[in-house]
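Examination of the molecular architecture
Listed here are the chains, written in short residue letters.
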Amino acid sequence: MTKRLGGRSVSDIGLGTWGMGGWQTADKTNDSTCVDAIRYAVSRGINVIDTAEMYGAGHTEEIVAKAIEGVPREDVFIISKVWKTNLHLDSLIKSARASLRRLKTPYLDLYLIHWPNPSVPVSETIGAMEELLKQGLVRSIGVSNFDVEQLSDAMSASKYTDIAANQILYNYGTRGPEKDIIPFCEKNGVEVISYTPILKGKVSGFSELNKVAEKYNATAVQVALRYTMERSLPIPKSSSKSHIDMLIEGSRMELRKDDYEFLKSCLD
Ligand SMILES: NC(=O)c1ccc[n+]([C@@H]2O[C@H](COP(=O)([O-])OP(=O)(O)OC[C@H]3O[C@@H](n4cnc5c(N)ncnc54)[C@H](OP(=O)(O)O)[C@@H]3O)[C@@H](O)[C@H]2O)c1
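Residues numbered from 1 in each chain as written. Predicted model: local features only at pLDDT ≥ 70, side-chain atom pairs only at ≥ 80, totals over all residues.

**Thoughts on the packing of helix 3 (residues 89-103) against helix 4 (residues 122-134)**
Between helix 3 and helix 4, the least distance of the axes is 9 Å, while the angle of their chain directions is 40°. Between helix 3 and helix 4, the crossing angle belongs to the class labelled oblique. Crossing geometry of helix 3 relative to helix 4 is assigned as right-handed. Touching Leu89, Leu92, Ile93 and Ala96 of helix 3 are Glu124, Thr125, Gly127, Ala128, Met129, Glu131 and Leu132, all from helix 4. For the contact of helix 3 with helix 4, the residue count by class is seven nonpolar, two polar and two charged. (Axes fitted to C-alpha atoms, helices over the stretch in contact; angles between N-to-C directions. Helix = DSSP H or I, 4+ residues; strand = E, 2+ residues; numbered from the N terminus. Parallel < 35°, antiparallel > 145°, perpendicular 65-115°, else oblique. Left-handed = near helix turned anticlockwise from the far one by under 90°. Contact = placed C-beta atoms within 7 Å. Nonpolar A, V, L, I, M, F, W, Y, C, P; charged D, E, K, R; others polar.)

**What about the pairing of strand 9 (residues 191-195)?**
Along a regular strand, successive side chains alternate from one face of the sheet to the other. For strand 9, the tally of buried residues reaches five of five residues, placing the bulk of the element in the interior. Two elements, strand 8 (residues 163-169) and strand 9, share five bridges in a ladder whose sense is parallel. Residue pairing in the sheet places Ile168 in a bridge with Ser194 of strand 9. A crossover connection joins strand 8 to the parallel strand 9 through helix 6 (residues 181-188); in handedness this β-α-β unit is right-handed. In this sheet, strand 10 (residues 233-234) lies alongside strand 9 in parallel orientation, the contact comprising two bridges. Pairing of Ser194 across the sheet is with Pro234, part of strand 10. (Buried ≥ 20, exposed ≤ 12 C-beta atoms within 10 Å, placed from the backbone. Pairing = 2+ DSSP bridges. Right-handed = clockwise from strand over helix to strand, strands pointing away.)

**Considering helix 3**
Between its first and last C-alpha atoms helix 3 spans 21 Å; for 15 residues at 1.5 Å apiece the expected length is 21 Å, and the two agree. Taken together, the buried positions of helix 3 are occupied by Leu92, Ser95, Ala96, Ser99, Leu100 and Leu103. What you see down the axis of helix 3 is that its buried residues fit within an arc of 135°, all on one side. Structurally, helix 3 contributes buried residues whose contacts are with helix 2 (59-67), strand 5 (77-82), strand 6 (110-113) and helix 4. Positive backbone phi, at 55°, marks Lys104, one or two positions downstream of helix 3. (Expected span 1.5 Å × (residues − 1). Arc of directions from axis to C-beta.)

**Brief notes about the site of the ligand**
If you check the shell around the ligand, you find 25 residues, and the closest are Gly16, Trp18, Tyr195, Gly201 and Lys237. The leading source of residues in the shell around the ligand is helix 9 (residues 241-251), at three residues. The residue inventory of the shell around the ligand, partitioned by class, reads ten nonpolar, twelve polar and three charged. (Near = placed C-beta within 6 Å.)

**What about unusual backbone geometry?**
A positive phi angle, near 55°, is found at Lys104, a position not held by glycine. Here Lys104 shows up in the loop between helix 3 and strand 6.

Structure follows, in C-alpha cells:
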C-alpha cells in the first residue's frame, strides 16, 4: 500500500520525531540513538519524516538532517511546521528559511501551519506559504490541528495551490475526527495525516484491540496503527529499531474488513 501526499507517492506510514532531541528545548543526550532510528526507518522504506521548528527548539530538525545525510533528497519526503507565533508574512518566511538551514535541504516537501492562530488572518499566512512555493522552497503546503471551518477558510485563502494535508490527532481512542474533519478532508482531496496514532503505545485499555491482535498474532499497538491507516497516513514516533520493525510489520497487516468493522463498532 502506498499513499499520495503533496502529489507524490509515499510510504503508507511516516516517522514522527517529537521528543527526539528534546521537547520545548534542545536535549543532545540521545542524538546518536535518534539519528540511528531515523536512518534505520528510512533504510526500511519509511520515507515520510515529520518534524517541526518547535521540536527541541529546532534541534530535532538538525537530527533529521544528520540522519538523511547521504540519502538522495528525492528518496525522502520531509514535513516541517511553522509555529503559531510565526504566522505573519515576514516571520513565516524567516521560520521556513531557518528550518531549511537546520535540515540542510533546499526545499521541504510539505510545510504545515502547526496550529491555527485566530489573531493572524489565515489569508496572510497562506499567502506567505504560497510565496515559499513560488520560490521553490516548499513543494506543497498544508495545515495541522484545523477544524472544518478553519480548513475551509484556509482552502478559500489559497490561490495558486491546494491545501495538501491536515495533520490531526487521530487514533483508536480519539475517534471524533471520523465524524466531521476526516469526511470533509476526504471530500476535498486533503490528505489526513494522523499524529499520536498509537496512543503513545498505551493501548491496554482497549480489550478489543487485543482480541483482534490475537487473531493476527500481532500486538494491540500494531492493530491500533493499522486501524488509523484505513483513513489516514499515520506518523508514529519511535527511537527504537525493534519498535520500528513492529510498526512496519503492523502497517503491512491485512486487516480484514469484518475485523475493521468490529473495531469500529466497539467505539460507536
Ligand atoms: N501536529 C501536531 O500538533 C502534533 C502533535 C503531536 C505529535 N505530532 C507528530 O506525530 C508524531 C507521533 O505522535 P506522538 O509522538 O505524540 O505519539 P505516538 O506516535 O502515538 O507514540 C510514540 C510513543 O510510542 C512508543 N512506541 C513506538 N513504537 C512502539 C511499539 N511498536 N510498541 C510500543 N510502543 C511504541 C514510542 O517509544 P519509543 O521511541 O521508545 O519506541 C513513543 O514513546 C510525533 O512524533 C510528531 O512528529 C504532531
